[in-house]
Amino acid sequence: MTVDTRLRRTAAALGAIALLGGTLYGLGPGTATASSHREAPLVAADPAIDNTDLYAFVSPERPGYVTFVANWQPFEEPNGGPNFYPFATDATYHIKVDNDGDAKPDAEFKWKFRSVDNRGDSTFLYNNGPVTSIDDENLLFKQTYSLQSSFNGEPFKTRVEDAPVAPSRVGAASMPDYGTLRQQATRTLPGGWKIFAGQADDPFFLDLRVFDLLYGGDLSETGQDTVAGYNVNTIALQVPFADVALKGDATRNPVIGVWTTTERDRVRITGGRGSGGKVQVSRLGNPLVNEVVVPASLKDTFNATPPERDAGIPALVKRVLEPEVPKLIESIYKIPAPKTPRNDLAEIFLTGITTKAGGPIKADLNSQLNNADVKASRFRPSEQLRLNLSVPVAGAPDRLGVLAGDLQGFPNGRRLTDDVVDIELQALVGAAQTGKLVDALAAGDAVNTNDQQFSGEFPYVALPNGVAVNSAAKQPATAAKLTGSSPAAAAAPASDTDVAQPAPDLVPVAVVSGATGLGLVIVLAGVFLLLRWYRRRGRGADPDRTLTF
């Protein structure tokens, strides 16, 4: 072997190592994060794991049961084939419940998805004929999932394997009766659990031009439901109160806190298995927290932070006590911002509404501190969506929830019909302190209901849209044909919230971004060295440049 040959082989080896190492380095999540309608930089580039909204409400037609609806992957354009919108198979999706107030999950539900792709080399089509049932052979791409649960820190137990996922809605010719597919993907498990996973209309309704200087600077940019016509991926679960209440007793301990997360392997290898265990990459409790409370530099960090660390992050707490939005409203609309610190907002977002934490809202509604068997010394303020299961189902739900005297509505849990944008705008300008709505913002974003009608029974969300968002002729609402409208289970939008400094053991966002950039440089260097070696080898071994296969 000549010196020149050795040098060439060394260059090739270095190139291969650099390419592999760069791939691992650049693709490894390390610590990344994100969640809620593209609210954070990293999830915006990884929509399959992006939590968009979480709803938690007492099941209106089934006493003694609570329903959780969690959505992922925002802005699914109905015509987005040929691959459409599967759940990520290298991630796990979670719903977590804290019933003793220590900000750690006491009940946890975990979903893992698997794809069955029969397209192979023969076609690019999602389906090669009408799909009339969930197991129709014409449906060439399918997904199934497993659901596991863990209670009080015990090992996870599998509750179901290979349950079918309702597919992305391709169109009327491909799926002439999508309602049947929805029904076949909805299952009841032993213990009374109901489960569903699949595509649905995005139940969030709002005008996103709030980001254009708060609706154009003069409230002229309102009244347009920005997410109308788009779909999301929904996971819905309905379980008995006893499965999530402290000590299984929802009479003595009716308050729970809920949040969702998505987790990925710490190290991801394209086309291969991951390693290093799972890390949280997305998180969502209350709507709009990460969007309009947390500053840009902390959004990814918030998504990677478990609730138990919230109170230990001064920057996060400060963003709740000294929120930005009221200052913007004062600057643009001359509505005076309430004085800080905003302990009323801390009560809404971090402790739940209770007289036991010394907050300014004198009511006992939805803090775990109100549970009879909670140890107050272990209580940890944290951002969660809190729900008092004992509040009776409202016969005529008010879209403004608690602010309008409807105690079953947001922020006591969240129903599909709750208008969380208008509620939070009013709360931010002090309505929860004074007990009076601010007239100047009474119209809010002027989007008061969802564009599609919700169903009256599980999983409640409307069927997915089947025509293009920019189509002039939208299809009519379809969920109602399943069961009729629901007075109580309606919906609202959501997002994240947040604040905060990087958690001690987290890689700062800038470092993560830098790691990705460095990974790219290493990959490019590896590609360059490999190509250089290959070309020299090719010229020496075979002067014939004809391509062969």
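Up top is the structure these notes are about.
What you are looking at is a predicted structure, and each value in this text was computed from that prediction instead of being measured.

Enquirer: Would you take a moment to explain the overall build of the chain for this structure?
Expert: Looking only at helices and strands, the chain features 13 helices and twelve strands. Taken over 549 residues, the chain has a buried fraction of 54%. Looking at the chain as shown, the accessible area adds up to about 22900 Å², and 56% of this sits on carbon and sulfur atoms.

Enquirer: Hey, could you run me through the sheet that holds strand 2 (residues 65–76) in this one?
Expert: Within a sheet, adjacent strands bond to each other through the backbone by hydrogen bonds, running parallel or antiparallel. Spatially, the five strands line up as an open sheet ordered 1-2-9-8-7, and their pairing is antiparallel. Because the sheet does not close on itself, it has two edges, and the strands there are strand 1 (51–58) and strand 7 (187–188). Relative to strand 2, strand 1 runs antiparallel, the two sharing seven bridges. By the bridge assignment for strand 2, Ala 56 is matched with Phe 68.

Enquirer: Just checking my understanding: could you explain the pattern of salt bridges for this structure?
Expert: Two side chains bearing opposite charge may form a pair once their charged atoms approach each other closely. Summed over all chains, the structure comprises 18 salt bridges. For Arg 399, the salt bridge identified is with Asp 419, shortest N-O distance 2.6 Å. In this pair, Arg 399 is assigned in the loop between strand 12 (385–388) and helix 10 (420–428) and Asp 419 in the loop between strand 12 and helix 10, connecting sequence segments 20 residues apart. Looking at Arg 399, the relative accessible area reads 23%, which means it is partly exposed. Look at Asp 419 and you get buried, because its relative accessible area is 0%. One salt bridge in this structure joins Asp 406 and Arg 415, with 2.7 Å as the shortest N-O distance. Comparing Asp 406 with Arg 415 shows no difference in burial state: the two are buried.

Enquirer: Help me understand the nonpolar core, please; the structure alone is not making it clear to me.
Expert: The nonpolar side chains of a soluble globular protein tend to be buried, and buried together. Core analysis: the biggest nonpolar cluster contains 102 residues, and Phe 68, Tyr 93, Phe 109, Trp 111 and Val 244 have the highest contact counts within it. Counting residues per element, this core draws most heavily on helix 10, at six residues. Leave out the neighbours within four places in its chain, and Phe 109 touches Tyr 93, His 94, Ile 95, Val 97, Leu 147, Gln 148, Ser 149, Phe 151, Trp 193, Leu 237, Val 239 and Val 244.

Enquirer: When you look at the pairing of strand 6 (residues 157–164) in this model, what are you seeing that I'm missing?
Expert: Two faces make up the sheet, and in a regular strand the side chains alternate between them. Summarising the sheet, strand 5 (residues 141–151) and strand 6 pair through five bridges and their orientation is antiparallel. Paired with Leu 147 across the bridge in strand 6 is Val 160. The turn linking strand 5 back onto strand 6 is made up of five residues, and Asn 152 within it adopts a positive phi angle of 55°.

Enquirer: What exactly am I supposed to notice about the packing of helix 9 (residues 343–351) against helix 10 here?
Expert: Between two packed helices, both the angle of their axes relative to each other and the distance between the axes serve to describe the pair. For the pair helix 9 and helix 10, the least separation of the axes is 10 Å and the interaxial angle reads 145°. Judged by residue contacts, Asp 344, Leu 345, Ile 348 and Phe 349 of helix 9 engage Glu 424, Ala 427 and Leu 428 from helix 10. Per-class residue counts for the contact of helix 9 with helix 10 are five nonpolar, no polar and two charged.

Enquirer: Looking at this structure, I do not really get helix 8 (residues 325–333). What am I missing?
Expert: Each α-helix winds once per 3.6 residues, and so residues spaced three or four apart point in a common direction. Among the residues making up helix 8, those that are buried are Val 325, Pro 326, Ile 329 and Tyr 333. The buried residues of helix 8 occupy an angular sector of 100° when projected down its axis, which confines them to one face. At its buried positions, helix 8 is contacted by helix 4 (213–219), helix 5 (289–292) and helix 10. At the exit of helix 8 stands Lys 334, carrying a positive phi of roughly 60°.

Enquirer: Hey, could you run me through the packing of aromatic side chains in this one?
Expert: Each pair of aromatic rings is reported with the distance of its centres and the angle of its planes. Applying the stated rule across the entire model yields 13 aromatic pairs. Consider the rings of Trp 72 and Tyr 93, whose centres lie 5.0 Å apart with planes at 85°: the pair is edge-to-face. Highlighted residues: Trp 72 in strand 2 and Tyr 93 in strand 3 (residues 91–98), separated in sequence by 21 residues. The two residues Trp 72 and Tyr 93 agree in class, both being buried. Arranged with centres 5.9 Å apart and planes meeting at 80°, the rings of Phe 109 and Phe 151 form a pair that is edge-to-face. Of this pair, Phe 109 sits in strand 4 (residues 107–117) while Phe 151 is found in strand 5, placing the two residues 42 residues apart along the sequence.

What counts, and at which threshold
Residues numbered from 1 in each chain as written. Predicted model: local features only at pLDDT ≥ 70, side-chain atom pairs only at ≥ 80, totals over all residues. Heavy atoms only, no water. Helix = DSSP H or I, 4+ residues; strand = E, 2+ residues; numbered from the N terminus. Buried < 20%, exposed > 50% of the residue type's maximum accessible area, 1.4 Å probe, protein only. Areas by Shrake-Rupley, 256 points an atom, 1.4 Å probe, with all protein chains shown as cover. Pairing = 2+ DSSP bridges. Salt bridge = Lys/Arg side-chain N within 4 Å of Asp/Glu carboxyl O. Core = buried A, V, L, I, M, F, W, Y, C linked by side-chain atoms within 4.5 Å. Contact = heavy atoms within 4.5 Å. Axes fitted to C-alpha atoms, helices over the stretch in contact; angles between N-to-C directions. Nonpolar A, V, L, I, M, F, W, Y, C, P; charged D, E, K, R; others polar. Arc of directions from axis to C-beta. Phe/Tyr/Trp six-rings, centres within 6.5 Å; stacked < 30°, edge-to-face > 60°.

Everything listed here is a matter of geometry and, on its own, says nothing about what the molecule does.
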